[in-house]
Structures are given as structure tokens and as C-alpha cells.
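Structural description and commentary
Each chain, written out:
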Amino acid sequence: LTPETLWGQALWSLMPLLVLSAGAMLLLLVELLPATAGSDRSPALALLLLLLAGAATWFARDLRYRAFSGMFLQDGFTVFFTLLFVAIALAAVLLSWDYAKRTRTNHGEFYALLLFATAGMIVMAASADLITVFLGLELMSLALYVLVGFRRGRLESNEAALKYFLLGAFASGFFLYGIALLYGATGTTNLNQMGAFLADTPQLGNPMLLVGALLLLVGFAFKIAAVPFHMWTPDAYEGAPTTVTAFMSAGAKAAGFAALLRVLLRAFPELHVDWAPLLTVVAVLSMTVGNVTALLQNNVKRMLAYSSIAHAGYLLVAVVAGGREAAAASLFYLAVYSIMNLGAFGVLSLLGKGREERTLVADLAGAGFRSPLLGLAMTAFMLSLGGIPPTAGFVAKLYVFSVAVEAGHVPLVIVAVLNSVVAIFYYLRVVVALYMNEPQGEPVAISWAAPAAVGIIAMVALLLVWGVLPSPLLEQARRSVLGLL
Amino acid sequence: LPILSLLVFLPLVGAVVVGLLPRDNHSLIRRAATLFAGVEFLLSLKLWTDFVTRAPGWQFEERLEWLPRWGASYHLGMDGISLLLVLLTTLLTAVSVVSSYRAIEHKAKEYYALLLALETGMLGTFVALDLLLFYVFWEAMLVPMYFLIGVWGGPRRIYAAVKFFLFTMAGSVLMLVAILWLYFLHRDVMGFATFDLESLYRLAIPGGVQNWLFLAFGLAFAIKVPMFPFHTWLPDAHVEAPTAGSVILAAVLLKMGTYGFLRFALPLFPEAVTVFTPWVVGLAIVGIIYGALVALVQPDMKKLVAYSSVSHLGFVMLGMFALNSQGLAGSLLQMLNHGISTGALFLLVGVIYERRHTRMIADFGGLWKTMPVYASVFLVIMLSSIGLPGTNGFVGEFLVLLGAYRSNPWWAVLAATGVILSALYMLWMYQRVVFGPVTHPENEGLRDLTFRERLVFAPLLLLVFWLGVYPQPFLDRMAPALERTVQLVEARRGITAPVGQAGQTRVASRGAEAGGGR
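Residues numbered from 1 in each chain as written. Chains lettered and ligands numbered in written order. Predicted model: local features only at pLDDT ≥ 70, side-chain atom pairs only at ≥ 80, totals over all residues. Heavy atoms only, no water.

1. Digging into the overall build of chain B
When helices and strands are tallied, chain B shows 21 helices and 2 strands. Against the 2.2 N^0.38 benchmark of 24 Å for 518 residues, chain B shows a C-alpha radius of gyration of 22 Å, consistent with a compact globule. Across its three principal axes, chain B shows a C-alpha extent of roughly 70 × 50 × 40 Å. Counting only residues that meet the buried cut, chain B has 66% of its 518 residues in that class. Long-range contacts, defined here as pairs at least 24 residues apart, represent 80% of the contacts in chain B between residues at least 6 apart. Looking at chain B as shown, the accessible area adds up to about 17200 Å², and 68% of this sits on carbon and sulfur atoms. Averaging the coordinates of the 36 positive side-chain charges in chain B and doing the same for the 30 negative ones gives two points 3 Å apart. (Helix = DSSP H or I, 4+ residues; strand = E, 2+ residues; numbered from the N terminus. Rg over C-alpha atoms; globule rule 2.2 N^0.38 Å. Buried < 20%, exposed > 50% of the residue type's maximum accessible area, 1.4 Å probe, protein only. Contact = heavy atoms within 4.5 Å. Areas by Shrake-Rupley, 256 points an atom, 1.4 Å probe, with all protein chains shown as cover. Lys, Arg positive; Asp, Glu negative; His and termini not counted. Charge placed at Lys NZ, Arg CZ, Asp CG, Glu CD.)

What follows is the structure in C-alpha cells.
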């Protein structure tokens, strides 16, 4: 069963998904066996499974295959995102390892849900059919709803889960209705066929098509947290266990953008004139509302939630530009964004001891000198989020802005760069707290643990290396979008 | 031997080494930092001796592929302009390190590491010949300076540090958009994509686009210089920064703005320079007079020196936009002079601040009796800042005024009032601080300059007289680079479509002037 045979092709293209979903169920079964509260069993098993899934993806990285009658696509794009999602989940497991024990949420289900959500994300990125997109979306979202509410004892966690679930359910409804209308207008849910149909049969005035596409975009806007469908983000991000916030802020957004790119570039290239102005408005609003609101936050988790809304806006700048290079820029940006967001939330998850949650800006006061590693890492993540060289965040922004300038969207880019000046103000607030403020009263405890330290150091290293020598990731991103158009 | 790479990254290595030293061993930390800054200065002296004086073009050039896909390369090189600014940077960083021994007691390790990291950023900015590489250094340099002000500064340090960061970044992000625009323009016209400065020099840009690009570049540089009315971050940053931070800020960081004009804005957008010269010169003259007037009424010595910087940098800009060889030479010389004199003035303020923990002019008086050596050093530096003949300031200001006069006599007339005003505020300040009876008993027992402090001032005093009496070696080294800049501007004004009647007549009149040779 090598990837060359017919069966092998099917098997290897689905291997990461098989490993993750079978592994998640195995985790649930293992949980039946008795274990102590501080057991490393579940995270270790999850780590192993993710490494296996990553290795399987890497092994079959050159395989190109269309499974399930063309509903599931194994191509460069899928491989890129599978590796990204597996890496995100890997980082989340490392960060959660000690955090889950500390907050008494160290159950096998936690890691099982993490793996299910990862599988859902992979399905979203790999799907070539709206039905598969929806399946992946639901698999990811349902797992995330539970994860957000995983700290049952905390009121905020419950509230966040409920809010996320209700608004997410609405979004799913919009999404599904959009699919139905599109099916009515084009007679297919397959992205390729839809694109071909629209190319052959001009449908410019068809309201069913336009409304369907609009509803689909609304569904996506919810998932990527773009204004005006961002309301759930700050509450869900703030209430969720911090490592879950790290995971979903990186993974869910990347998955949403992966599917959005596929849908827009495969099915709707003909409608570019329709969706580009719309997304321009959404991009401007997301950047501006996200950044300006973030200025007012005192809770770093909330601040980063608004910052993630703004980053959705930057990414949409690339999507608006359209084309292959813009897709590559989005991939690069998503990879870098995932690292810096995972890192920033990961550092926050170290603050406080026991079950306490200390994520105010003031809680960081003086932490930079008390724990140099924490300070350096958080500074690197903040500067990277702000797009300051020589971090990868700068290269990512440069890439996105350059494709937009190339496509002639100079005013949009000017809005975006001015927004990044606004943004640097609140990123610097975190740095100011770390190094320039003295703690009021008892300094906040810092709970370092080896797995989280490994994860955070690796992420800082990646940001700096890709900030100075981005060529490998750049080429990878470019290669991965070759099959997309 | 890739000497420029060595020069740029040696301080960064030093920063890492210092960062890894044990926190409590202060003398080891100081010695290591001094060693790296000193070796760095010696390395730059080797550049001075190896530099071929009369040769045009780039020297010590290095080029490596960096982002081949984007046409960005790791391209370093040096001409007379960058040579002098590099020497200024390495000298003043070494001076700053030595001058900080006593001033910085806590968190010394981080302090020296950041100072060295800052040096890498500054040097990189001066020798990068690739626009993207330049931008990376230009922005990265903000981070260490932000920490130096924010952690080791005065009471309002956080406000000042954030303001410094935001102002500079606001200007530079627009420059980034302009860089990208230029980049794609070059790709569309010339057929290949590159950020390389030499290729971009050869690009003919339509007049209207030039104006926008010049505005974007000019804003970034004008904020850094800082030109009136973008100077408001400067007094805050200077007053709150620790002494060494102020020295570096005044001596080197401000020069990055003027260097940016000289290296990028002028040669890349010659047509736009014609259009905007009256505006830039106007703002420069306003800055000269306004800075001097505000300096006159400052009760705080550090703030006085800060506003005098606004005035002096006005001279630099005026000389540059006179766009003739005298003006440009004066402008570049004045950059060095300002670095030496104002750097020394901040050090002088730092010396008495360390002893008295105040910088108010009113708290001093009669220092001539208690600190005679200090008072003499102060006298020389103060006179060089005013521009007394025999000191460096005279040569620079004279050339600037000469160049300005050749372009438009009124510019010189207006700017000359700034010279008079500078004498007024400096002499008055000196009189109140140094002469007269000792009015405050606390000043009775003040210690004169220590051996270490004399060591800090010695090279600066040497340069004051060297540049004042025999500036020829410096002028010789900068001449080919400045000639080339004038050529790039003048020669390429005819290439693109005319921007209007005014631009045409100006070119013609300047050509006649140059030919006539007053």
C-alpha cells in the first residue's frame, strides 16, 4: 500500500484524518482506565498521534488525489494546511500539558476534542465541495464549543461557550442556506463544477446566486471573526481556557481562511468584481474596529481577541487582491499569524498559579525582568504581531501589502499600514507592562513547565528565523497554491 | 574579508555576549561592553584608512542573495557620506558606553546589550544599499531605543518612549508603501523586480508619481530629522532618555533622517525635489528660527539643547536643499558637527545631573570656581555649537550659508538670524550656569571631571578643533559622493516629462548659476 497504488493513494491522502479521528477515539477509550490527576497519559498520547499525523502528511506530501468523487482534494494546499493545523495542535498540546493540570481540566476528553477539531480543520482545507466544507466546519466548531466551556467551574467559561455556540449555530444556518441557494442557482455544490458553470453561463443578474454567495460569505466572516460578525470573539476568547484560546485563535481562523480561499478562487473567480468591493469594506472595518477597540482593553486576552479581528482584516487585504501570489501571501501570513498568536496566548497561560487566571495588562507588570525568557518571548510575539522587523510578522505584512499594491489597491494598503501604527500602541502597552512598570502588590506567579517552554522557545525561534530568512516558507507557500487556480 | 558585515554585526554579537554575562558582575559587564564598542571603533578607523579618497562609487561593497524571489539582496556598500556617519556612530557609541559607567547602576546588563544592539541597527541603516534591507534596519533600530528611553529614562519615560516609537513608525509605514510602489514601478518599466538602490536610481519616474513618493519618503525622514512641525517627539524623548540615550539620539538617530534625504529622497525623485524645495527650505528656516527661540526660554538645560537640535538640523536641511556642492558639503559637515557638539553638550548636562540630580539652569551658577576643567570643556563645546571660527561649527555653518546664498540670497539672510540666536541662547545659558557667584551651597563641593570623564570628552574636543582648523580630509572624502548626488539630481531632471513651468525655469537658472561660478 505505497502511495503509488490506487488504494494507496486513497489511503495516504486520508491518513492524517484517519490517525487523528481514530486516535481521538482511542484517547476516549483510554480515559476509562484509572489514572492519577497529574497523569501525563493523555497529552503524551495526543502528542504522539499528532506527530504520526504530521509524519504521514510529510510522507505523502507529493501525492495528488481526489477522494470521494472529487469532494476531498489532496493537493499542495491541503498538505500545507494539514501540516499547519497539526503544528498548531501540537503547540496547543504542549501549552496545555501543564495548564490543564493546573486548572484541573486534565481529562482525556480535552485532548480528544482537540484532535477532532484538528481533523475538522483539515477537512475544511481539503474540501472541494461545499458539503464537505460544511462537514469540516461543524466538526471543528462542535469540538471547539465544548473546549471553550471546558472549565465548567468558571462562569466566564460557560458564558463564552454558550455565546460562541449560539452565534456559531446562526453562522452555520447562514452558511447552509447559502449552499442551498447556490445549489439552486448553479445545480451543483462542487466548487470546480460551480466555477465552470459560472464561467460558461453568465449569471451576473441572478439574485439567487448573489444572495447565496453573500450568505456563504457571512458564514465565513463569522468563523474568521471579521467585522460586523465579530461580536462573539472577545467573549469567547476571554472566557475560554487560555490554551484553548491559543488553539482556536490560530486554527479556526486559518481553517476559515483556507476554505474561503478555495471557495472564492475556485468557485467564484468570475464574481471577483462583486465580492472584491464587499470584502474591501469588510477588511477596512475589521482592521479599524479591531485595532481601535483593542486600544481600550485592559485584559490582554480581550486585547488579543480584538487584535485577531484586525488581523482578519489584514488577511482580507490579500484576499481582495486576488490571484495566485495573493493566495501565497495569505498562506504565509496565516502560518506566521498562527505562531505569534499561539505564542502570545501561550505566554499568558503561564501567568498565575493553581486555578487562578491572571491576564490583565497590569498582571504582567515587571514580569520581563523576573522571568527573562517570558519577557523576551512575549516581546518577540508582540513585535511580530505589530509587524516590526526582524520578525516574521514584518515579512508577512510586507508580503500581503505588496500583493495588494501590485493589484493597485494603494488606498487600501495605506489604511492597513496606518492601522498597524494604531496597533503597535497596544502591543507596546504589553511590553511597557513587562519591562517599565512595577507590580502593584504581590507579583503574579509564573508557572513555567518544560513542555510549554519547549513550545514557546521553538515559536520564538521560528519567528526570528523566518523574519530574517523567510525564503523557505515563502517558496513553500508559493508551491502550495499552484493547484489552487 | 566582509568588513562591512563584520562592522554591522559585531555589536550584535557583543549584545548577545553581554546579555549572557552574570547579572551581578557589573565591572565585567562594563568591561565587555567597552571592549566591543572599542574594537568596533577601531574597526571603523580601519575603514577610514582603507577608504580610497578620490574614488567615485561604492567601496567595501558586499552583495549576497537574500530574497531572490523578490529581488531583495543583502547589499552593503559605503561612500564618503556613509563613511563619515559610520565613524560618528562608532565613536559616539563608544563614548556613550564609557560615559554610562556611573549613571547606570541597575539592570546594567540589559542596558549595555541594548546600546550595542542599537549600534547594529544604526550602522546597518547607513551602509544598506537595498531599500528593503534599509527599511529592516531602519525599523528594527526603534526597538532598542524604545527600551533605552522607556526603562532607564526619567519620570515621563513611558510616554516619551511610546511617542518616539509611534511618531517614527507612522512616518515609516507610509515610506514602506512608497517603497513597494517604486518596486512595482521598476518592475513594470525595467522588466525585473529589485529593491537595489543602484537600479532604482536609473528608473525614470513620472512627475506626478514622484511627488507622492517624495512625500511619503520625505515624511518618514522629516519626522526623524525632525523638521518643524514634526519635531514634537524630540524634546520629550531627549529630556526623558538617559544621558547616553540622548547622546545617541541627537548624534546619530537624527542623522538617519538627513541621511535618508541625501541618499534616497533626493536622487530617487529629482523632479519632486524641484517642486518641494521651497516647502522644505521654508520649513527648515522656520525650524532654525523657531527652535532657537524656544531654546532661548527653556529653564531645563537638556530641553534647551534639544530645541537647539531642531535649529541646527534646520541648517542641515537648508544646506542640502540648496543643492550645490558647497551646500551639500556644509550639510554633511554640519551633520557631523551637530553629532559632536550636541552629543558633547548632552554629556556635559549628564555630568552635572549625575552630581546634582537636577538639570535646571537656575539651580547652578559659579561652576567656574568649583569645576574649572568642566567649565573649560563646556566653553569649547558651547563655542563650537555656536559656530565660532576655529571650531568645527564655523566651517559647517559657513558652507551651508554660502550654498544657500548661491541658490537664493534670502534663504541665507533668514537662516543667518539663527546663527545670532544660537549665540544668544548658548552664551546666556553658559553665563547663568558657569559664571557669577556660587548661589547654591550644594554646588560648593562639586567634584570636577574625573579621569574617565576627561577621557570621554578628549576625542570630541580633538574633533572640534580638527574639523575647525583642517576639515580638508573630511571634505576630500565626502566630495565624490556629494558630486554624484548632485549629478543624479541635476542630470535626471530632464529625463521625465516636465512638471510645469516653475520647475523648468528653476533648472535653467540653476544651470546658469553653476556655469557662471560666482
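2. Notes on the overall build of chain A
On a plain count of helices and strands, chain A comes out with 19 helices and 2 strands. Its C-alpha atoms give chain A principal-axis dimensions of roughly 70 × 55 × 40 Å. Looking at the 485 residues of chain A, the share that counts as buried comes to 65%. Residue pairs in contact within chain A that sit at least 24 positions apart in sequence constitute 81% of those at least 6 positions apart. On chain A, roughly 16200 Å² of surface is accessible, and the fraction owed to carbon and sulfur atoms is 70%.

3. Structural notes on the environment of A:Pro372
Here A:Pro372 is to be found in helix α15 (residues 372–386). With a relative accessible area of 42%, A:Pro372 lands in the partly exposed category.

4. Observations regarding the interface of chain B and chain A
Interface size is commonly expressed as the accessible area that is lost once the parts come together. At the junction of the two partners, chain B supplies 32 residues and chain A supplies 38 residues. Across the chain B to chain A interface the summed buried area is about 3200 Å²; carbon plus sulfur atoms make up 81%. For chain B, the biggest contributors to the area lost against chain A are B:Arg69, B:Trp70 and B:Val177; these three give 19% of the whole. In this assembly, chain B and chain A are joined by 2 salt bridges. Between B:Arg187 and A:Glu406 there is a salt bridge, with its nearest N and O atoms 2.5 Å apart. Where chain B meets chain A, there are 5 residue pairs in polar contact (both at pLDDT 80 or more). Of all the elements in the fold, those that place two or more residues in the side of chain B that touches chain A are β1 (59–67), α5 (131–140), α6 (142–152) and α7 (157–190) of chain B. With 15 residues, the top contributor of residues to the side of chain B that touches chain A is α7(B). (Buried area = accessible area lost by both parts, 1.4 Å probe. Salt bridge = Lys/Arg side-chain N within 4 Å of Asp/Glu carboxyl O. Polar contact = N/O pair within 3.5 Å; in protein donor to acceptor, adjacent residues only side chain to side chain.)

5. A short note on helix α1 (residues 6–30) of chain A
Between its terminal C-alpha atoms α1(A) stretches 34 Å, which fits the 36 Å expected from 25 residues at 1.5 Å a residue. The largest bend in α1(A) amounts to roughly 55 degrees and is located at A:Met15, with the proline A:Pro16 lying one to four residues further along. (Expected span 1.5 Å × (residues − 1). Bend = angle between axes of the 7 residues up to and from the residue.)

6. Quick word on the confidence of the model for chain B
On average, residues of chain B carry a pLDDT of 88, and 95% of them reach 70 or more. Low pLDDT, under 50, characterises residues 495–518 of chain B; the stretch is placed with 23 contacts to residues that sit more than four places away or in other chains. (pLDDT = per-residue confidence, 0-100.)

7. Remarks on the pairing of strand β2 (residues 72–78) of chain B
Residues and elements named next belong to chain B. Counting buried positions along β2 yields 7 of 7 residues, so the element is predominantly enclosed. Burial along β2 is two-sided: Ala72, Tyr74, Leu76 and Met78 facing one way and Ser73, His75 and Gly77 facing the other are all buried. In the sheet, β1 pairs with β2 via 6 bridges, with the strands oriented antiparallel. Note that in β2 the partner of Glu62 across the bridge is Leu76. Counting the residues in the hairpin turn of β1 and β2 gives 4 residues, including Gly71, whose phi is positive at 70 degrees. (Pairing = 2+ DSSP bridges.)

8. Some words on the nonpolar core
The biggest cluster of nonpolar side chains holds 418 residues, and the ones touching the most others in it are A:Phe81, A:Phe268, B:Phe261 and B:Phe378. The dominant element in this core, judged by the number of residues it contributes, is α7(B), at 19 residues. When neighbours within four sequence positions are excluded, B:Phe261 is seen to be in contact with B:Phe214, B:Gly218, B:Phe221, B:Ala222, B:Val225, B:Met227, B:Leu266, B:Pro267, B:Met317, B:Met320 and B:Phe321. (Core = buried A, V, L, I, M, F, W, Y, C linked by side-chain atoms within 4.5 Å.)

9. Thoughts on the pattern of salt bridges
Residues and elements named next belong to chain A. Per the counting criterion, the structure on display carries 28 salt bridges over all chains. Asp40 serves as the salt-bridge partner of Lys101, at 2.6 Å between the closest nitrogen and oxygen. Of this pair, Lys101 sits in helix α3 (residues 76–102) while Asp40 sits in the loop between α1 and α2 (41–59), and the two are 61 residues apart along the sequence. Judged by its relative accessible area of 25%, Lys101 is partly exposed. Linking Lys163 and Asp235 is a salt bridge whose minimum nitrogen-to-oxygen distance equals 2.9 Å. Taken together, the residues Lys163 in helix α6 (residues 155–186) and Asp235 in helix α9 (residues 232–239) connect sequence positions 72 residues apart. Among the ionic contacts, a cluster of salt bridges with common partners joins Arg151, Arg154, Glu156, Lys301 and Glu357.

10. So, α3(A)
All names here are of chain A. Here α3 spans 39 Å end to end across 27 residues, near enough to the 39 Å set by a 1.5 Å rise per residue. The sharpest bend along α3 reaches about 45 degrees and sits at Ser96. Judged by how many residues are buried, α3 sits mostly within the fold: 22 of 27 residues are covered. Positive backbone phi, approximately 55 degrees, marks Arg104, located one or two places after α3.

11. Focus on the packing of aromatic side chains
Residue and element names in this part refer to chain B. Tallied over the entire structure, the rule returns 51 aromatic pairs over all chains. For the ring pair Tyr146 and Phe165, a centre distance of 5.4 Å and an interplane angle of 85 degrees mean the geometry is edge-to-face. Of the two residues, Tyr146 is situated in helix α6 and Phe165 in helix α7; the sequence distance between them amounts to 19 residues. Both residues of the pair, Tyr146 and Phe165, belong to the buried class. (Phe/Tyr/Trp six-rings, centres within 6.5 Å; stacked < 30°, edge-to-face > 60°.)

12. Things to note about a nonpolar patch on the surface
Residues and elements named next belong to chain A. There is a patch of nonpolar side chains on the surface, built from Leu142, Leu162, Phe165 and Leu166 and spanning about 380 Å² of accessible area. Here the nonpolar patch takes 3 residues from α6, the largest share from any one element. Mapping Leu162 onto the fold places it in helix α6. (Patch = residues over 30% accessible without salt bridge, like charges linked within 9 Å, V, L, I, M, F, W, Y side chains within 5 Å.)

13. Let's talk about the side chain of B:Ser99
Residues and elements named next belong to chain B. With respect to the secondary-structure elements, Ser99 resides in helix α3 (residues 80–99). A polar side-chain atom of Ser99 sits 3.0 Å from the main-chain carbonyl oxygen of Ser96. Every residue in contact with Ser99, bar those within four places of it in the chain, is listed here: Leu347, Glu354, Arg452 and Val456.

14. Some thoughts on the environment of B:Ala265
Residue and element names in this part refer to chain B. Here Ala265 shows up in helix α11 (residues 243–268). Taking the C-alpha atoms as reference points, Ala265 and Phe214, separated by 51 residues in sequence, lie 6.1 Å from one another. Excluding residues within four positions of it along the chain, Ala265 makes contact with Phe214, Phe221, Gly260 and Val273.

15. Notes on the packing of α6(A) against α9(A)
Residue and element names in this part refer to chain A. Where α6 contacts α9, the two axes come as close as 8 Å, and the packing angle between them is 145 degrees. Along this stretch, α6 crosses α9, giving a crossing that reads as left-handed. Contact residues: Glu156, Ser157, Ala160, Lys163, Tyr164 and Leu167 in α6; Trp232, Asp235, Ala236 and Gly239 in α9. Across the contact of α6 with α9, the residue classes tally to 5 nonpolar, 2 polar and 3 charged. (Axes fitted to C-alpha atoms, helices over the stretch in contact; angles between N-to-C directions. Left-handed = near helix turned anticlockwise from the far one by under 90°. Nonpolar A, V, L, I, M, F, W, Y, C, P; charged D, E, K, R; others polar.)

16. Remarks on the packing of helix α11 (residues 272–295) of chain A against helix α12 (residues 300–321) of chain A
What describes two packed helices is the angle between their axes and the distance between those same axes. Residue and element names in this part refer to chain A. Where α11 meets α12, the axes come as close as 7 Å, and the angle between the chain directions of the two elements is 155 degrees. Looking at the two axes, α11 sits roughly antiparallel to α12. In the crossing of α11 with α12, the sense of the turn from one axis to the other is left-handed. Residues of the contact of α11 with α12, tallied by class, amount to 17 nonpolar, 8 polar and no charged. (Parallel < 35°, antiparallel > 145°, perpendicular 65-115°, else oblique.)

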